[in-house]
Protein chains: 2
Amino acid sequence: MNSRSFIFAGAEEGPWRVTGGAAITGAPLANAPYVKVVPASEGTATQRSSWLLRGTRSNERYATAGEKQSLAAIQPPLGRPEATCAAMIPLRKAEAWWDLPQDDRRGILEERSSHIAIGMKYLPAIARRLYHCRDLETAEPFDFITWFEFAPSASSAFDDLLSELRASVEWSYVEREVEVRLVLV
Amino acid sequence: MNSRSFIFAGAEEGPWRVTGGAAITGAPLANAPYVKVVPASEGTATQRSSWLLRGTRSNERYATAGEKQSLAAIQPPLGRPEATCAAMIPLRKAEAWWDLPQDDRRGILEERSSHIAIGMKYLPAIARRLYHCRDLETAEPFDFITWFEFAPSASSAFDDLLSELRASVEWSYVEREVEVRLVLV
């Protein structure tokens, strides 16, 4: 299996307890009390889950050299001891987005929507990791899963981050988005 | 299954007969007399193959609006009756390529290597379709598979196309490349 591939499961037990969530756009996920994330090679650990999502970590698709350098200087890793809050946000974009050429997608994502700049404002408080689902061999219901981790004290900053992104031009291309809020057990 | 996902098989029978090929860089593929390409949902059709490769068609990663428009105006579909020659070229790039930011990869691919412009010179004679493998859940030996189709009269033009691309700066990042030449049975 690809060591960059992971399975997200809504399960009866797991390290992350679901504290809330909502379907922001489109259909919700089934209810589950816990979420676990396992390497794709350990897929048998996700039996009897109420939902399963798959995603692969990949190269950056939009960040320029300057942005990548700025991000690398301040972005924190996952798993910080103080980061006991998490959010899993799977999201699907419209076909119209994927039909756009690279420069137009970049223009909407950053020049018009400041996606990278907005995320940068909340660093290093809010750690973020992106997983890609759209090109997997399985028919996945989402294009991406974004996983966030932060300390309880950054919860309202995280709400602000989501509000800023969801008000952007880029988000007009989002046709399904689910938010699952979590705390470390 | 994802309807954009396909399986390429080196098989005992199939619509494409192998007429030649070579490992250009790195390890070769095992010998097989025929190649078939099937939707991922029909994977059982590829039992007893000497090799299997998987890939998914996806959005463009580098083409600008102008380039995409120019390509769309002249690029032919697969399956033209006269296009009885094909080539399958699986390829893997170095980690150093994937670590580059988007603008640096674009700069090497087009501004320094003319990858899109070179391909455009050979349109509409040589049809081309790209499949992505790097982010699949399975551990694939290649990052891409490119499939080309052309009439026998365009065979030497196709050789020229490959020579031009392989002489580019972009190709210095290629760490494995295999070429399989095919004719329609």
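Placed above this text is the structure.
Residues numbered from 1 in each chain as written. Chains lettered and ligands numbered in written order. Predicted model: local features only at pLDDT ≥ 70, side-chain atom pairs only at ≥ 80, totals over all residues. Heavy atoms only, no water.

**Topic: the packing of aromatic side chains**
Overall, the coordinates contain 18 aromatic pairs over all chains when judged by the stated rule. Measuring from ring centre to ring centre gives 4.9 Å for Phe-8 of chain A and Tyr-131 of chain A, while their planes differ by 80 degrees; the resulting arrangement is edge-to-face. A residue pair is termed long-range when its members are at least 10 positions apart, and Phe-8 of chain A in strand β1 (residues 5–11) and Tyr-131 of chain A in strand β6 (residues 127–132) qualify at 123 residues. No difference in accessibility class separates Phe-8 of chain A from Tyr-131 of chain A, as the two residues are buried. An aromatic cluster is built from Phe-6, Phe-8, Trp-16, Tyr-131 and Trp-147 of chain A, whose rings are joined through pairwise contacts. A cation over an aromatic ring shows up here: Lys-93 of chain B above the ring of Trp-97 of chain B, its NZ or CZ 3.8 Å from the ring centre. (Phe/Tyr/Trp six-rings, centres within 6.5 Å; stacked < 30°, edge-to-face > 60°. Helix = DSSP H or I, 4+ residues; strand = E, 2+ residues; numbered from the N terminus. Buried < 20%, exposed > 50% of the residue type's maximum accessible area, 1.4 Å probe, protein only. Lys NZ or Arg CZ within 6 Å of the ring centre and 35° of its normal.)

**Structural notes on the environment of Arg-105 of chain B**
Within the element layout of this structure, Arg-105 of chain B appears in helix α3 (residues 102–112). Taking the relative accessible area as the measure of exposure, Arg-105 of chain B reaches 1% and is therefore buried. Through-space distance from the C-alpha of Arg-105 of chain B to that of Glu-170 of chain B is 8.6 Å; in sequence the pair is 65 residues apart. Setting aside anything within four residues of it in sequence, one finds Arg-105 of chain B in contact with Asn-59 and Glu-60 of chain A together with Tyr-62, Trp-97, Trp-98 and Leu-100 of chain B. A distance of 2.6 Å separates a polar atom in the side chain of Arg-105 of chain B from the backbone oxygen of Glu-60 of chain A. Side-chain polar atoms of Arg-105 of chain B contact the side chain of Tyr-62 of chain B, separated by 2.9 Å. (Contact = heavy atoms within 4.5 Å. Polar contact = N/O pair within 3.5 Å; in protein donor to acceptor, adjacent residues only side chain to side chain.)

**Considering the nonpolar core**
Ranked by size, the top nonpolar core spans 29 residues in total, and within it Trp-97, Ile-116, Ile-126, Phe-148, Phe-150, Phe-158 and Leu-161 of chain A carry the most contacts. At the level of elements, β5 (85–93), α2 (95–98), α3 (102–112), α4 (115–121), β7 (144–150) and α5 (155–166) of chain A are the ones that each hand at least two residues to this core. Setting aside its immediate chain neighbours within four residues, Phe-148 of chain A contacts Cys-85, Ala-86, Ala-87, Ile-89, Ile-126, Ala-127, Arg-128, Phe-158 and Leu-161 of chain A. Membership of the second largest hydrophobic core comes to 27 residues, among which are Trp-97, Leu-100, Phe-158 and Leu-165 of chain B. (Core = buried A, V, L, I, M, F, W, Y, C linked by side-chain atoms within 4.5 Å.)

**Overview of the pattern of salt bridges**
Inspection of every chain in the model, using the stated rule, returns 34 salt bridges over all chains. Residue Lys-36 of chain A pairs with Glu-13 of chain A through a salt bridge whose shortest N-O separation is 3.1 Å. With Lys-36 of chain A in strand β3 (residues 34–39) and Glu-13 of chain A in the loop between β1 and β2 (16–25), this pair connects stretches of sequence that are 23 residues apart. Classification of Lys-36 of chain A by relative accessible area gives buried; the value is 12%. Classification of Glu-13 of chain A by relative accessible area gives partly exposed; the value is 47%. For Asp-135 of chain A, the salt bridge goes to Arg-4 of chain B, with nearest N and O atoms at 2.9 Å. (Salt bridge = Lys/Arg side-chain N within 4 Å of Asp/Glu carboxyl O.)

**Some remarks on α5 of chain A**
Residues and elements named next belong to chain A. Helix length check: α5, at 12 residues, gives a terminal C-alpha distance of 17 Å against a target of 16 Å (1.5 Å per residue), a fit within 8%. Taken as a whole, α5 has its buried residues at Phe-158, Leu-161, Leu-162 and Leu-165. Down the axis of α5, the smallest arc covering the buried residues is 95 degrees, so these residues share one side. Of the surrounding elements, those touching the buried residues of α5 are β5, α4, β7 and β8 (174–184). (Expected span 1.5 Å × (residues − 1). Arc of directions from axis to C-beta.)

**Digging into the side chain of Ser-5 of chain A**
Looking at the secondary structure, you find Ser-5 of chain A in strand β1. Under the relative-accessibility criterion, Ser-5 of chain A is labelled buried at 1%. Among the polar contacts made by the side chain of Ser-5 of chain A, one reaches the side chain of Thr-56 of chain A at a distance of 2.8 Å. Excluding its chain neighbours within four sequence positions, the residues that come into contact with Ser-5 of chain A are Pro-39, Ala-40, Gly-55 and Thr-56 of chain A together with Leu-136 and Glu-137 of chain B.

**Considerations on the interface of chain A and chain B**
Of the residues lining the interface, 31 residues belong to chain A; the matching set on chain B comes to 31 residues. Counting the surface lost from both chain A and chain B, the interface buries some 2600 Å², and carbon and sulfur atoms represent 43% of this. When the buried area of chain A at its contact with chain B is split by residue, Asn-59, Asp-135 and Glu-137 of chain A rank highest and sum to 27% of it. In this structure, the connection of chain A to chain B is made through 6 salt bridges. Among the salt bridges present, the one from Arg-54 of chain A reaches Glu-137 of chain B, with a minimum N-O distance of 2.8 Å. Taken together, chain A and chain B are joined by 28 residue pairs in polar contact (both at pLDDT 80 or more). The greatest single-element share of the side of chain A that touches chain B, amounting to 4 residues, is contributed by α3 of chain A. A class-by-class count of the residues in the side of chain A that touches chain B yields 10 nonpolar, 8 polar and 13 charged. (Buried area = accessible area lost by both parts, 1.4 Å probe. Nonpolar A, V, L, I, M, F, W, Y, C, P; charged D, E, K, R; others polar.)

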